[in-house]
Amino acid sequence: MRFPILLLTLLGFVAPVAAFDFGNLNLGQILQNAQKATTDISEPQEIELGDGIASNFLGAAPLLQDQRIQKYVNDVGRWLTLQTERPDLPWQFAVLDDNDINAFAVPGGRIFITKGLLVRMKSEAELAGVLAHEISHVLMKHHLQAIKKGARTELMAEFGGQVLQQNGSNPALAKLVSAGTEVYTRGLDKNDEFEADRMGVVIAARGGYDPYGLPAILQTLQGINPQDSSVALMFKTHPALADRLDLLDKLMPGAFDSFETQPSLAPRFMAVMSRQNR
Amino acid sequence: MKPIFALCLFVLLTTAVQAGEIAYTVRATELKAKPYADAETLLSLTEHGKVEILSRQASWMQVKADGTTGWVKMLSLRLGNAEVPKKSGDSGLGALFNVATTGNSGSTVTTGVRGLSEENLKKAHPNPEALKVMQGFAVSKQDASGFAKAGKLKSQHMDYLPPPGKGGN
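In this text, all values refer to a predicted model and were calculated from it rather than measured experimentally.

## As for the interface of chain B and chain A
Reasoning step 1: Across the contact, 72 residues belong to chain B and 93 residues belong to chain A.
Reasoning step 2: Of the roughly 6,700 Å² buried between chain B and chain A on both sides combined, carbon and sulfur atoms contribute 62%.
Reasoning step 3: Among the residues chain B hides against chain A, the three largest losses belong to Leu116(B), Phe147(B) and Tyr160(B). Together they make up 12% of the total.
Reasoning step 4: Among the ionic pairs, Asp88(A) bridges to Lys141(B), the shortest N-O distance being 2.5 Å.
Reasoning step 5: Connecting chain B to chain A are 22 residue pairs in polar contact (both at pLDDT 80 or more).
Reasoning step 6: Contributions of two or more residues to the side of chain B that touches chain A are made by β1 (14–25), β4 (50–57), β5 (60–65), β7 (77–79), α2 (93–105), α3 (118–122), α4 (128–135) and α5 (141–150) of chain B.
Reasoning step 7: Residues that form the side of chain B that touches chain A fall into these classes: 34 nonpolar, 23 polar and 15 charged.

Here you go:
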């Protein structure tokens, strides 16, 4: 986080004086290179790559056949995205009809949550906490960076240099989608997960929710036997729940006191969910 | 007027938690009569103390400890058995937890292959039709704002926070 902030500061400072030369250190050139490194995959390409990965997820697990719940999760999620720095991505949310306990975000703004996780929740604030964590991964391009790190430079260059084609006949894209899907079986760097927790509670608070929804569901998941197969992939790909709760325990007291009376909307959540178990 | 308001607030903000969930304290903490820092202290709980969770209200959990019902900060609690301190030779509570641990994690019935297992994700075939259906779920900004308004959710300003404990503090 520090480096980008420093860069931004430099950018603001340097912008009026193009290519300022500090001896043989050309700041303008450094900034240009840094900018290139973050923009060699365009936003439409980020979305296209995410589409491919999302399609794979939907090949692994079906959508929950319940329009009301799908709409509700999209309402909560879309509202949260309006509190962020990327409100105009094609944000879509889906509940997967799967008993595993997990949630996933793909580049460009498609987010999945399993039925298995949803039924463990007790309020809209908990749902908001989880969705805000996933939204943070998209904001910070965590998966995109993990895919880039794992892919050969030539492949990235090929994909990045390619003009978007109408019918998706992009061989570099196909390879990156398959590599990208595999990233979800290995997981991100722990610090990316901690960062998503830190940002997630803030986004939930910005959305007017009781910000303790995320730690509440993490606590609930602690009560599940870690040997249960429904948590195998989530536990493999995330830091220990105790470590995540310890981080929020250090982060939240004080800073979130003024949001203490924001609603958790448990009744609205329960009303939507109870129709499912009719 | 005041007690009724307080009651309404309580009903609005409190989330029922599945009764009977057992948690333990990660530090010595006070059991409060109400979910406020300056409320009356009912009991002093020691570190690794066992409590039963009743409900949650923002950062507070209503719990039962030694037969007394009161409130503790939720982040002073951890659930489950995985995080039970693994000190050997613990007496009292430690022994109690050992019982709980064996009872919970003895044998696990592993249920066949699930949809989102690692293996299934690796060999998944794309499903563009389902992706189209998902894209149809998209909600407009206006509809999302209307949904928030119906729930009395109000946007707030708050900056992201740096990692705790790194510089400062």
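Next, the rest of the story.
## What about the packing of aromatic side chains?
Reasoning step 1: Applying the stated rule across the entire model yields seven aromatic pairs over all chains.
Reasoning step 2: Each member of the aromatic cluster is reached from another via a ring pair, and the members are Phe57(A), Phe104(A), Phe112(A) and Tyr184(A).
Reasoning step 3: A cation sits over an aromatic face here: Arg268(A) above Phe147(B), 3.7 Å from the ring centre.

## A few points about the nonpolar core
Reasoning step 1: Of all hydrophobic cores here, the largest spans 78 residues; its most connected members are Ile113(A), Leu127(A) and Tyr209(A).
Reasoning step 2: At nine residues, the largest contribution of residues to this core is made by helix α6 (residues 124–139) of chain A.
Reasoning step 3: By size, the runner-up hydrophobic cluster in this structure holds 34 residues, among which are Val106(A), Met156(A), Leu176(A) and Leu116(B).

## Describing the environment of Arg120(A)
Residues and elements named next belong to chain A.
Reasoning step 1: By secondary structure assignment, the location of Arg 120 is in the loop between α5 (115–118) and α6.
Reasoning step 2: Classification of Arg 120 by relative accessible area gives partly exposed; the value is 35%.
Reasoning step 3: On a C-alpha basis, the gap between Arg 120 and Ile 101 in space is 8.7 Å, while along the polypeptide they are 19 residues apart.

## Details of the pairing of strand β4 (residues 103–106) of chain A
Reasoning step 1: Residues Ala103(A) and Ala105(A) point to one face of β4(A) and Phe104(A) and Val106(A) to the other, with burial holding for every one of them.
Reasoning step 2: The hairpin turn running from β4(A) into strand β5 (residues 110–114) of chain A, its antiparallel successor, is three residues long, and Gly108(A) in that turn takes a positive phi close to 95 degrees.

## Some points on unusual backbone geometry
Residues and elements named next belong to chain A.
Reasoning step 1: At Lys 141, a residue that is not glycine, the phi angle is positive and equals roughly 55 degrees.
Reasoning step 2: Here Lys 141 shows up in the loop between α6 and α7 (142–150).
Reasoning step 3: Here Leu 265, not a glycine, exhibits a phi torsion of approximately 50 degrees, which is positive.
Reasoning step 4: Residue position: Leu 265 is located in the loop between α13 (241–251) and α14 (266–276).

## So, the confidence of the model for chain A
Reasoning step 1: Looking at chain A, pLDDT values average 86 and 82% of them are 70 or higher.
Reasoning step 2: When the criterion is pLDDT under 50, residues 6–24 of chain A qualifies, and its contacts beyond four places in sequence or with other chains add up to 14 contacts.

## Quick look at helix α11 (residues 213–222) of chain A
Since one α-helical turn is 3.6 residues long, residues separated by three or four positions face the same way.
Reasoning step 1: Counting buried residues in α11(A) gives ten out of ten residues, a clear majority hidden from the surface.
Reasoning step 2: Residues Gly213(A), Leu214(A), Pro215(A), Ala216(A), Ile217(A), Leu218(A), Gln219(A), Thr220(A), Leu221(A) and Gln222(A) constitute the buried set of α11(A).

## As for the pattern of salt bridges
Reasoning step 1: Evaluated as defined, the whole model comprises 18 salt bridges over all chains.
Reasoning step 2: Residues Glu43(A) and Arg86(A) are paired through a salt bridge, measuring 3.4 Å at the closest nitrogen-oxygen approach. Of this pair, Glu43(A) sits in helix α3 (residues 43–60) while Arg86(A) sits in the loop between α4 (67–81) and β3 (92–96), placing them 43 residues apart in sequence.
Reasoning step 3: For Arg110(A), the salt bridge goes to Asp51(A), with nearest N and O atoms at 1.8 Å. Within this pair, whereas Arg110(A) is found in strand β5, its partner Asp51(A) is found in helix α3, the two being separated by 59 residues in sequence.
Reasoning step 4: It is possible to trace a salt-bridge network through shared partners that takes in Asp246(A), Asp249(A), Arg27(B) and Arg78(B).

Rules of the game
Residues numbered from 1 in each chain as written. Chains lettered and ligands numbered in written order. Predicted model: local features only at pLDDT ≥ 70, side-chain atom pairs only at ≥ 80, totals over all residues. Heavy atoms only, no water. Contact = heavy atoms within 4.5 Å. Buried area = accessible area lost by both parts, 1.4 Å probe. Salt bridge = Lys/Arg side-chain N within 4 Å of Asp/Glu carboxyl O. Polar contact = N/O pair within 3.5 Å; in protein donor to acceptor, adjacent residues only side chain to side chain. Helix = DSSP H or I, 4+ residues; strand = E, 2+ residues; numbered from the N terminus. Nonpolar A, V, L, I, M, F, W, Y, C, P; charged D, E, K, R; others polar. Phe/Tyr/Trp six-rings, centres within 6.5 Å; stacked < 30°, edge-to-face > 60°. Lys NZ or Arg CZ within 6 Å of the ring centre and 35° of its normal. Core = buried A, V, L, I, M, F, W, Y, C linked by side-chain atoms within 4.5 Å. Buried < 20%, exposed > 50% of the residue type's maximum accessible area, 1.4 Å probe, protein only. Pairing = 2+ DSSP bridges. pLDDT = per-residue confidence, 0-100.

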